[in-house]
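Analysis of the macromolecular model
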Amino acid sequence: MKMEDVVSKLNDYTEPLKLFKIGVGNKVFHGQVHQDHFKIYRQISYRNSFLPQIKGRMTQKENKTIIDVSMKLHPFVIAFMTLWFSGLISACMSFFLSPWKPFFFVPIIMLIFGILLCTLPFWYEVKKSKNELFKIFSVYMSSESDGNAQN
C-alpha cells in the first residue's frame, strides 16, 4: 500500500481524541493519525489503566509502506507502578535484613501480585490491539515471523 492509503485506512478506523468521552464510539481506535506517524488507543467500554498506547511510524519504501509499531503503558501508570514497586521492594529488603517475622511473605506476595497486575492485563490488551491492526491492514503473520509484520 502507498502511505496515503495506509493513513486513509487508519483514519477510517480512528476517532479523534475528545476531552470528555462519553460511551464508546463506533470506531475501533481513538487518537491522532498524521501523515507519517500515529498515536492511538483501542476503544473499550470498560476501564483499564494498562491499556497500551500504540505509537507507529510509517515509512515509504518503493511501492510499499513499512509501519513500525510500539505499544507501551501510559507514563502516569509507569510512574505510579514504579513508586508502588519501590515501596514493596524496600519492604522486602527490610524483612530480609531483620530477623524472621511472621509477616515476612506479605510484601513478597504483594510484589508478585503487582507484577501480575501489570503484565497480564497489558499483554491481553496488546494481543487485542495487534489483532485489530492486522485486520485493518489485512496482514497475517507467519509462524516463522519474528514479530515484525511488514506490508
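This write-up is about the structure you can find in this document. Since the structure is predicted, the reported quantities are computational estimates derived from the model, not experimental observations.

What counts, and where the lines are drawn
Residues numbered from 1 in each chain as written. Predicted model: local features only at pLDDT ≥ 70, side-chain atom pairs only at ≥ 80, totals over all residues. Heavy atoms only, no water. Helix = DSSP H or I, 4+ residues; strand = E, 2+ residues; numbered from the N terminus. Buried < 20%, exposed > 50% of the residue type's maximum accessible area, 1.4 Å probe, protein only. Contact = heavy atoms within 4.5 Å. Areas by Shrake-Rupley, 256 points an atom, 1.4 Å probe, with all protein chains shown as cover. Pairing = 2+ DSSP bridges. Axes fitted to C-alpha atoms, helices over the stretch in contact; angles between N-to-C directions. Polar contact = N/O pair within 3.5 Å; in protein donor to acceptor, adjacent residues only side chain to side chain. Parallel < 35°, antiparallel > 145°, perpendicular 65-115°, else oblique. Left-handed = near helix turned anticlockwise from the far one by under 90°. Nonpolar A, V, L, I, M, F, W, Y, C, P; charged D, E, K, R; others polar. Phe/Tyr/Trp six-rings, centres within 6.5 Å; stacked < 30°, edge-to-face > 60°. Core = buried A, V, L, I, M, F, W, Y, C linked by side-chain atoms within 4.5 Å.

Along the backbone of the protein there are three helices and five strands. Burial status across the protein gives 32% buried among its 151 residues. Summarising the internal contacts of the protein: among those between residues at least 6 apart in sequence, 42% fall at separations of at least 24. Carbon and sulfur atoms make up 63% of the accessible area of the protein, which amounts to about 10400 Å² in all.

Turning our attention to the sheet that holds strand β4 (residues 53-61). In sheet architecture, strand pairing relies on hydrogen bonds along the backbone and comes in two forms, parallel and antiparallel. Strand order across the open sheet formed by five strands is β1-β2-β3-β4-β5, with mixed pairing between neighbours. Edge strands, defined here as strands with exactly one partner in the open sheet, are β1 (14-15) and β5 (64-72). Two strands pair when backbone bridges link them, and β4 and β5 are joined in this way by nine bridges, in the antiparallel orientation. Bridge pairing in β5 places Lys61 opposite Lys64. Where helix α1 (residues 3-12) meets the sheet, its contacts fall on β1, β2 (29-33), β3 (37-42), β4 and β5, and the angle it forms with β4 comes to roughly 155 degrees.

Before going further, it helps to spend a moment on the side chain of Gln43. Looking at the element boundaries, Gln43 is found in the loop between β3 and β4. Classification of Gln43 by relative accessible area gives buried; the value is 8%. At 3.0 Å, the side chain of Gln43 forms a polar contact with the side chain of Glu15.

The next thing to look at is the packing of α1 against helix α3 (residues 105-137). For the pair α1 and α3, the least separation of the axes is 10 Å and the interaxial angle reads 125 degrees. On the basis of the axis angle, α1 is oblique to α3. The handedness of the crossing between α1 and α3 comes out as right-handed. For the pair α1 and α3, contact is made by Val6, Lys9 and Leu10 and by Leu133, Ile136 and Phe137, respectively. In terms of residue class, the contact of α1 with α3 is built from five nonpolar, no polar and one charged.

It is worth spelling out the packing of aromatic side chains at this point. The relation between two aromatic rings is expressed through the spacing of the ring centres and the mutual angle of the planes. Within the structure shown, the criterion is met by two aromatic pairs. Here the aromatic rings of Trp84 and Phe85 are separated by 5.7 Å at their centres, their planes lie at 45 degrees, and the arrangement is tilted. Classification of Trp84 as partly exposed rests on a relative accessible area of 25%. Pairing Phe122 with Trp123 gives two aromatic rings, centres 5.2 Å apart and planes at 80 degrees, and the pair type is edge-to-face. For Trp123, a relative accessible area of 54% corresponds to the exposed category.

A word on the nonpolar core. Of all hydrophobic cores here, the largest spans 14 residues; its most connected members are Leu10, Phe38, Ile40, Met58, Leu133 and Phe137. Breaking this core down by element, the ones donating at least two residues are α1, β2, β3, β4 and α3. In terms of residue count, α1 provides more of this core than any other element does, four residues in total. Among residues more than four places away in sequence, those in contact with Ile40 are Leu10, Thr14, Phe29, His30, Gly31, Gln32, Val33, Pro52, Gln53, Ile54 and Leu133. Membership of the second largest hydrophobic core comes to 11 residues, among which are Phe50, Val77, Met81 and Phe85.

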